[in-house]
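# Commentary on secondary and tertiary structure
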Amino acid sequence: MTGRPAESFETIPVAPAEQVEGGARETSVPAPGGQRRYDLDRAQLSDILAGEPSFRVAQVWDALYRRGADSGECTDLPLGLRDRLAAHPSLAPSLVKLAELEADGEEPGGDRRGAPDGQRTGAEGTVKWVFGLEDGPSVETVLMGYHDRSTVCVSSQAGCAMGCTFCATGQAGFSRQLTRGEIVEQVVVAARAARERGMRRLGNVVFMGMGEPLANYRSVSAAITSLTADVGLSARRITVSTVGVVPGIERMAAEGRPVGLALSLHAANDALRSELVPQNRRYGLAKLSEACSAWTRRTGRRLSLEWACMKGVNDSSRDMAELAGFARPLGAHVNLIPLNSTPGWRCEATPAGTVEELADQLRRSGVNATVRRNRGRSIAAACGQLAATSQPRRRPVPTMMETALTGGRGS
Ligand code: SAH
Ligand code: SF4
């Protein structure tokens, strides 16, 4: 692990809901290299544009957020102003594109529900970016184009401190929190790329990239405000995925924003979950269920439960019975995802046919379940595969679970 420790949730003051919805903008964590393009608020942009007619603020703001344009591309601005803006350090982007990888359309067996048969459409494809941050670490962002929609999967932290055994990001450790601007910029870059590639308009954002969004609540919350107010996305199409940071879920419940919530469950008994997801030792399943229930009641939205199917670990009928027992009272939807292989953990994915049978078992026990195949495995862009190579690799410590796997049932 490098750099500062992850922000402790308890140190974040809880803002009353009205402050989050209306009033002043929430502050994100400070930008290490100084404020950049998407960290600024309108007042700060007005200061930069002092002496210009007031309509210029809206013009530049829209160019930044709606078009993802650089000031040099704003041909509706006078040339002198364009040059002045291009030279202003606070209007520089925060993300440097280190790599851009593309995979065609959906992969065999991929999720093409409702897609036309035969030829894939030009709207389908996966793009992964590795973005360098000014102070060294890097993060990854994935754009997924489907026949009917485009979705971006964004990172909320550089690395992650939660240490889930099966996840490449967790294996690499934590570098630092992202700022509001660094999160928003990932979305704006992806929205522009979707337009330029002839994909569907980017309408969905999932916080399923690197990092634990609820351990960076301030920036994530501020980014969501900006994505709805400035980029024009619907809060209902933004989903926060969490490993189960209970105070964060409680705060989402208290604020009551209609943002979606996905809980990465993977095990529905405390002993196994604490092995796979160390955060479970802090907030066990009982507290988690209570917090999720409060969120569901307050928002009226359906919770999603994510379950990466790991051969011989969490894919027995008994595991499904436990999962059903957790999901049913919450009225939650279950997404089963075959595990994606990661370098630091020797465990295989449950075979596809078995995953389908597990989904059937869940349905028979009254739980709404779907099988999700991950996009972009060939470019290491699928769930849990994100781990920027410039980050120091922490030597994975074998857990009891791993020892059991390598000693017998596992690979
Ligand atoms: N930290 C958050 C969001 C980022 S992880 C969370 O854990 O929810 C995004 C999703 O990828 C989570 O559901 C996580 O459990 C899943 N994931 C991590 N490693 C995986 C792997 N190797 N195979 C499949 N899914 C994985
Ligand atoms: Fe962090 Fe999520 Fe990976 Fe766990 S699964 S280590 S919480 S990114």
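Reading the values: the criteria
- Residues numbered from 1 in each chain as written.
- Chains lettered and ligands numbered in written order.
- Predicted model: local features only at pLDDT ≥ 70, side-chain atom pairs only at ≥ 80, totals over all residues.
- Helix = DSSP H or I, 4+ residues; strand = E, 2+ residues; numbered from the N terminus.
- Buried ≥ 20, exposed ≤ 12 C-beta atoms within 10 Å, placed from the backbone.
- Pairing = 2+ DSSP bridges.
- Right-handed = clockwise from strand over helix to strand, strands pointing away.
- Near = placed C-beta within 6 Å.
- Nonpolar A, V, L, I, M, F, W, Y, C, P; charged D, E, K, R; others polar.
- Contact = placed C-beta atoms within 7 Å.

Right, let's talk about the environment of Ser293 for a bit. Along the chain, the position of Ser293 falls in helix H10 (residues 285-299). Separated by 44 residues in sequence, Ser293 and Ile249 place their C-alpha atoms 9.8 Å apart.

A large share of strand E8 (residues 238-242) lies buried, amounting to 4 of its 5 residues. In the sheet, strand E7 (residues 202-207) pairs with E8 via 3 bridges, with the strands oriented parallel. The residue of E8 that forms the bridge with Val205 is Ile238. Following the chain from E8 across helix H8 (residues 246-255) to the adjacent parallel strand E9 (residues 260-264), one finds a crossover that is right-handed.

Lining the immediate environment of ligand 2, one finds Cys160, Met162, Gly163, Cys164, Cys167, Thr169, Gly170, Gly211, Glu212, Val243 and Ser264. Residue composition of the shell around ligand 2, by class: 5 nonpolar, 5 polar and 1 charged.

Take the environment of Ile337 next. Along the chain, Ile337 turns up in strand E11 (residues 333-338). Look at Ile337 and you get buried, because 22 C-beta atoms sit within 10 Å. In this structure the C-alpha to C-alpha distance between Ile337 and Val371, which are 34 residues apart in sequence, comes to 6.0 Å. Discounting chain neighbours no more than four positions away, the residues touching Ile337 are Glu306, Trp307, Ala308, Cys309, Arg372, Asn374 and Cys383.

The next point concerns unusual backbone geometry. At His266, a position not held by glycine, the phi torsion is positive, near 65°. For His266, the position within the fold is in the loop between E9 and helix H9 (270-276). Its 28 C-beta neighbours within 10 Å are what place His266 among the buried residues.

Fair warning: the whole summary comes from geometry, so function is off the table for now.
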